Amino acid sequence: MRKREHGLLPNAASLLLCGLLAGLVVAAAAFPAVAMSGLAAKAGSDTFENLPTDIDVLPSPQISYVYASDGKTLLAMMYDENRRDVKIDDVAQVMQQAIVAAEDNRFYEHRGVDVKGVARAFVANQNAGGQTEQGASTLTMQYVRQAISYSAKTPQEVVDATDKTPTRKLREMKYAIDLEKKLSKKEILERYLNIAAFGHGAYGVYAASHVYFEKDPKDLTLPEAALIAGLVKAPGTNDPATAEGLPRALDRQKYVLNQMVTMGYIDRAAADAAAKEKLNIVGKRTPEGCESVQRPELGAGFYCDYLRRWWMDQKVFGEDQYQRANRLRAGGYTVISSLDVKTQSAAFKYAQQQPLVSKDQQVKLGQSNAMMLAAIQPGTGRVQALATNRNFSNDQSQNGPNTNPDKKGQKGNWPNTTVPMITGDSDIPGYQAGSAFKIFTAVAALEAGYPLATTINTEKQFVSNFPIDPKSPAACNGPHYCPKNSGGQSGPYNMWTGFGSSINTFFVPLEQMVGVDHVVDVAKRMGIQFNASGDAALAANPKQWGAFTLGVSATTPLQLGNAYATLAADGVYCEPTPILEVRDNNGKKVDGLDPKCRQAIDPEVARAAVDMARCPVGDQSATGKCAGATAGYARDFVKRPIAGKTGTTDSEKSATFTVMTKQLAVSGFLTDPDWPETNKDMKHPPVNYAALATLRDGLAGQPIAQFTPPTKDKAQGKLVDIPSVKCLSVDQARSKVKSAGFSVSVASAQVASQCPPGTVDRTEPAGSTVKGGPVALVISKGPGAQAPPFAGGNQNGDVPRGNGNGNGRGNNCPPPWVC
């Protein structure tokens, strides 16, 4: 009997408290200042009256979508939470009804707080003695709770948003009551459907519809809608995509269907039929990030990663990289990239399988060899393709060993890697590009007034004024840098023929004439970044960097391709960008992302350099001056006007080929990214044809664009004959050359000659040069003194960074070989 009496009192008290709470809530809706003034004793220092009414609601995290340049081809999705907001009108009516039946069957009757529900929950919880807890949150209150959580700016605010305290509950009530005054039921339901969690990585009804049934929410059927609505109560344990969660999800589905019958949304027959229908539950998590690109056949993982890295450097997306990353993964942006599907598809295809002219000429790439291709649009800097023969993946479980002897026991970068091999970063400065760097010397010479017709009587080995370690194989006559042509060429060459045949002993003297500092400055203006620490130090004080013109500085396919694209664009340099357009979650275009371009090279200089660069690829200059080509088959392969240059480092540690038209530039590198100083030969045919085929296929269907011919001044110039000073004394020679209007210096290195020791053997340059240009007197050390034999070197005229032991013979072999 006492037990019964003991139970009656608490029940009576519960009813009293429920009535009091109900009265307070009702009163709060109409007269908050009067009704709630005594609540502070129950709920801490905050009175209901003083609780805020306006929620500072920040947008819930949304998926950002990355598309190709056509705006249709989806490349990747970036998100922290798989969510995409939809309008309520794009949600099936049965889905709207199902969620109300599942979570708040009095939704259309209350004004934010369900007084009856509060009272019912209070009694139930009291009777349960703490064993279970029944909630009384309405859909509006649930939305408020999640909105507060998403809008939290500090960890403590996140805790406060979900902490089970009277203050939190009262705050939710106050917000809910106020929200119902501002928004319609339809608007509140829309917000709730977009913010709720549905399990299996799905947030919001759009994601849930696609994760479980691969359809839009407007197309959901009654049984599908009832199943999804039932997940909100326990999205983790009720996951229908798991064996454990499916039975619970189906039980919950039946509950929702019964509730819909009770509310008059459907009849019993429809509910029974829906409960019996076997559902095809897909349970496919939405791919996220660059490792899960949407079109594997495009191989766009490295492009996606480049875009992500680029985004992280853009201040328009946030004050720091944390904010920028958060906005990319939660801001709901629509990103139209500059990736061209046709060009990217070609680049990826030919990075895997090079289009050689016949099977018997196939060169099989070793697993460590990386074929890297970058394609960029001249005049905009928009990157149209990035591809390599690697998978963009962090899973290195199947990777082979690193080929670098200093990294024994470590995994290499084949077949899977996320290293930005094609674009580089602070840890990946790039690879030596070889003779492709001769273009910078040519541009510097043109800027200095030397025309393309500038002629140098080249030797098999050039004794330069640049200092070098006397022990270096590239040294001669003591500490002098002495490059050779491994093919044994010598004789007169101009810029057309010297570039076409890649003559080292033309370009090192030309570099000496214009100054290495000027050449390096040109390279910087055209986008070469010198990211390797040793290169950066030399570039900061380059006057003695004699081997620079032979491509001893590290760069990447993207940098080099963009440098050549600068010339194709008449000297306009544009920062590389992966973007056409970005729109925010409201569809507004993000400003400040247009191409960043500047006139880096005078247009007439750029056009002259391009005219010269037509020679190595089998095209012809506007004045018909080309003779000799290192890739003479290229023009016929592409079948449109092209310009470009091959490049090979010493001992063939890498092979590069950069080729351009007015519309597109492609740069290909073949090397070992694990060990750029590899002892394996990198042959030219694979990289040459991969770059050419990418250019050809990328431009398929586009009109043929002609290069603008150079002016007569830049092509032929106004050259002045240099007087002969053969075997004259230094004083006599100096006076004679100075009287002709030239500035005169004496070369520091002496050469073997038939002239008496101490007299002048020749001038450098010989023949003619620009009016007032520098002329060096080369001193004889007498007959019989031979230069040291050539040591080292290989094909195509490129050298390792430290010594400059290059050559650069003219290569005019039958296709596809570069000899």
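What you see is a predicted model, and the numbers here were worked out from it, not measured in a lab.

Visitor: Give a detailed account of the overall build of the chain, specifying residues and quantitative values.
Guide: The secondary structure content of the chain amounts to 27 helices and 26 strands. Buried residues in the chain amount to 54% of all 819 residues. In the chain, once contacts between residues fewer than 6 apart in sequence are set aside, the share between residues at least 24 apart is 72%. A total of about 33,900 Å² of accessible surface is found on the chain, and carbon and sulfur atoms cover 51% of it.

Visitor: How would you sum up the state of the cysteines? Please name residues and give values.
Guide: A full pass over the atoms with the stated rule returns five disulfides. Through a disulfide, Cys 476 is tied to Cys 482; the S-S separation comes to 1.8 Å. Of note, the bridge from Cys 476 to Cys 482 carries an S-S torsion of about -75 degrees and is left-handed in sense. The pair formed by Cys 476 and Cys 482 is uniform in burial state, with each residue classed as buried.

Visitor: Account for the sheet that holds strand β24 (residues 760–764), with residues named and values stated.
Guide: If you trace the three strands from one edge of the open sheet to the other, you get β23-β26-β24, paired in mixed fashion. Every other strand in the sheet has two partners, leaving β23 (743–751) and β24 as the edge strands with one partner each. When strand polarity is set aside, the average angle formed by the axes of neighbouring strands in this sheet is 30 degrees. Sheet topology places β23 next to strand β26 (residues 774–780); six bridges connect them, and they run parallel. Looking across to β26, one finds that Val 744 is bridged to Val 775.

Visitor: Can you lay out unusual backbone geometry for me, pointing to particular residues and giving the numbers?
Guide: Note: most peptide bonds trans; most residues except glycine with negative phi. Between Trp 414 and Pro 415 the backbone carries a cis peptide bond, its omega angle lying at 5 degrees. Relative to the helices and strands, Pro 415 resides in the loop between β8 (391–392) and β9 (416–417). Following Glu 764, the chain continues to Pro 765 via a peptide bond in cis, the omega torsion being 5 degrees. Topologically, Pro 765 is positioned in the loop between β24 and β25 (768–770). Look at Ser 502: it is not a glycine, yet its phi comes out positive at around 55 degrees. Topologically, Ser 502 is positioned in the loop between α18 (495–500) and α19 (504–514). The phi torsion at Lys 639 lies on the positive side, around 65 degrees, for a residue other than glycine.

Visitor: Go over the sheet that holds strand β19 (residues 643–648), please, and point to the residues and values.
Guide: As summarised here, the arrangement of the five strands in space is β7-β6-β21-β20-β19, forming an open sheet in which the pairing is antiparallel. Only two strands of the sheet have a single neighbouring strand rather than two, namely β7 (383–388) and β19. Neighbour-to-neighbour, the strand axes of the sheet open up by a mean angle of 5 degrees, direction not taken into account. Set on the sheet, helix α16 (residues 341–352) makes contact with β6 (370–376) and β7; between it and β7 the angle comes to about 20 degrees.

Visitor: Hey, could you go over the environment of Lys 524 for me, with residue numbers and the actual values?
Guide: Secondary-structure assignment places Lys 524 in helix α20 (residues 516–525). Lys 524 sits 76 residues away from Ala 600 along the chain, and the two C-alpha atoms are 9.5 Å apart. Here Lys 524 is in contact with Phe 530, Ala 539 and Arg 598, once residues within four sequence places are set aside. A polar contact of 3.5 Å, which involves the side chain of Lys 524, links it to the backbone oxygen of Ala 539.

Visitor: Can you break down the pattern of salt bridges residue by residue, with the values?
Guide: A full pass over the atoms with the stated rule returns 31 salt bridges. Note that Lys 218 and Asp 219 form a salt bridge whose closest N and O atoms lie 3.4 Å from each other. You can call Asp 219 partly exposed: its relative accessible area is 38%. A salt bridge links Asp 521 to Arg 525; the shortest N-O distance between them is 2.9 Å. Within this pair, Asp 521 and its partner Arg 525 are both found in helix α20, separated by four residues, close to a single helical turn. Under the relative-accessibility criterion, Asp 521 is labelled partly exposed at 36%. Connected through shared salt-bridge partners, Glu 459, Lys 726, Asp 761, Arg 762 and Glu 764 make up one network.

Visitor: I'd like a description of the confidence of the model for the chain, backed by residues and values.
Guide: Keep in mind that low pLDDT regions are not for reading the predicted coordinates in detail. For the chain, mean pLDDT is 85; residues scoring 70 or higher make up 83% of the total. The model gives residues 786–819 a pLDDT under 50, and that stretch makes 138 contacts with residues more than four places away or in other chains.

Visitor: Kindly report on helix α15 (residues 321–330), identifying the contributing residues and their values.
Guide: Within α15, burial applies to Arg 324, Leu 328 and Ala 330. Along its buried surface, α15 packs onto β1 (64–67), β2 (74–78) and α14 (301–312). The backbone nitrogen of Tyr 322 has a side-chain oxygen 3.2 Å away, supplied by the residue at the start of α15, namely Asp 320. Backbone geometry just after α15 places Gly 332 at a positive phi near 65 degrees.

Visitor: Break down the packing of helix α10 (residues 204–213) against helix α11 (residues 222–230) for me, citing the residues and quoting the values.
Guide: Helices that pack against each other are described as a pair by the angle of their axes relative to one another and the distance between those axes. Look at α10 against α11: their axes get within 11 Å of each other, and the N-to-C directions meet at 115 degrees. In terms of axis orientation, α10 runs roughly perpendicular to α11. Judged by the twist between their axes, the crossing of α10 over α11 is right-handed. Here Ala 208, Ser 209 and Phe 213 of α10 come into contact with α11, specifically with Glu 224, Leu 227 and Ile 228.

Visitor: Tell me about the nonpolar core, and please be specific about residues and values.
Guide: Counting residues in each nonpolar core, the largest one holds 106 residues, and the members touching the most others are Ile 439, Phe 440, Met 495, Phe 548, Leu 567, Val 582 and Met 660. Each residue touching Val 582, except ones within four places of it in the same chain, is listed here: Trp 311, Phe 317, Tyr 333, Thr 334, Val 335, Lys 588, Lys 589, Val 590 and Leu 593. Core analysis: the next-biggest nonpolar cluster, separate from the first, contains 64 residues, Ala 101, Phe 107, Leu 222 and Val 256 among them.

Visitor: An account of the pairing of strand β5 (residues 334–337) is requested, with residue identities and associated values reported.
Guide: Relative to β5, β1 is paired through three bridges, and the arrangement is parallel. Bridge pairing in β5 places Tyr 65 opposite Thr 334. With four bridges connecting them, β5 and strand β17 (residues 579–583) associate as antiparallel partners. Bridge pairing in β17 links Ser 337 to Ile 579.

Visitor: Let's hear about the packing of aromatic side chains: which residues, and what values?
Guide: Applying the stated rule across the entire model yields 16 aromatic pairs. An angle of 75 degrees between the planes, with centres 5.2 Å apart, marks the rings of Trp 311 and Tyr 333 as edge-to-face. Of the two residues, Trp 311 sits in helix α14 while Tyr 333 sits in the loop between α15 and β5, which places them 22 residues apart along the sequence. Relative accessible area serves as the criterion here: at 0%, Trp 311 is assigned to the buried category. The ring centre of Phe 107 lies 4.5 Å from the NZ or CZ of Lys 185, which sits over that ring.

Visitor: Residues and numbers for the environment of Tyr 206, please.
Guide: By the secondary structure assignment, Tyr 206 is in helix α10. For Tyr 206, a relative accessible area of 15% gives the class buried. Excluding anything up to four places from it in sequence, Tyr 206 contacts Tyr 65, Arg 84, Val 86, Asp 216 and Pro 217. A polar atom in the side chain of Tyr 206 sits 3.1 Å from the side chain of Arg 84.

Visitor: A description of the side chain of Asn 562 should follow, citing residues and the corresponding values.
Guide: Tracing the chain through its elements places Asn 562 in helix α22 (residues 557–568). Among the residues examined, Asn 562 registers a relative accessible area of 4% and is labelled buried.

Visitor: Tell me about the environment of Ala 102, residues and numbers included.
Guide: Among the structural elements, Ala 102 can be located in helix α4 (residues 93–103). For Ala 102, a relative accessible area of 7% puts it in the buried group. The spatial distance from the C-alpha of Ala 102 to the C-alpha of Ala 226 is 8.2 Å, given a sequence separation of 124 residues. Discounting chain neighbours no more than four positions away, the residues touching Ala 102 are Ala 229, Arg 252, Tyr 255 and Val 256.

Reading guide: rules and limits
Residues numbered from 1 in each chain as written. Predicted model: local features only at pLDDT ≥ 70, side-chain atom pairs only at ≥ 80, totals over all residues. Heavy atoms only, no water. Helix = DSSP H or I, 4+ residues; strand = E, 2+ residues; numbered from the N terminus. Buried < 20%, exposed > 50% of the residue type's maximum accessible area, 1.4 Å probe, protein only. Contact = heavy atoms within 4.5 Å. Areas by Shrake-Rupley, 256 points an atom, 1.4 Å probe, with all protein chains shown as cover. Disulfide = S-S within 2.5 Å. Pairing = 2+ DSSP bridges. Axes fitted to C-alpha atoms, helices over the stretch in contact; angles between N-to-C directions. Polar contact = N/O pair within 3.5 Å; in protein donor to acceptor, adjacent residues only side chain to side chain. Salt bridge = Lys/Arg side-chain N within 4 Å of Asp/Glu carboxyl O. pLDDT = per-residue confidence, 0-100. Parallel < 35°, antiparallel > 145°, perpendicular 65-115°, else oblique. Left-handed = near helix turned anticlockwise from the far one by under 90°. Core = buried A, V, L, I, M, F, W, Y, C linked by side-chain atoms within 4.5 Å. Phe/Tyr/Trp six-rings, centres within 6.5 Å; stacked < 30°, edge-to-face > 60°. Lys NZ or Arg CZ within 6 Å of the ring centre and 35° of its normal.

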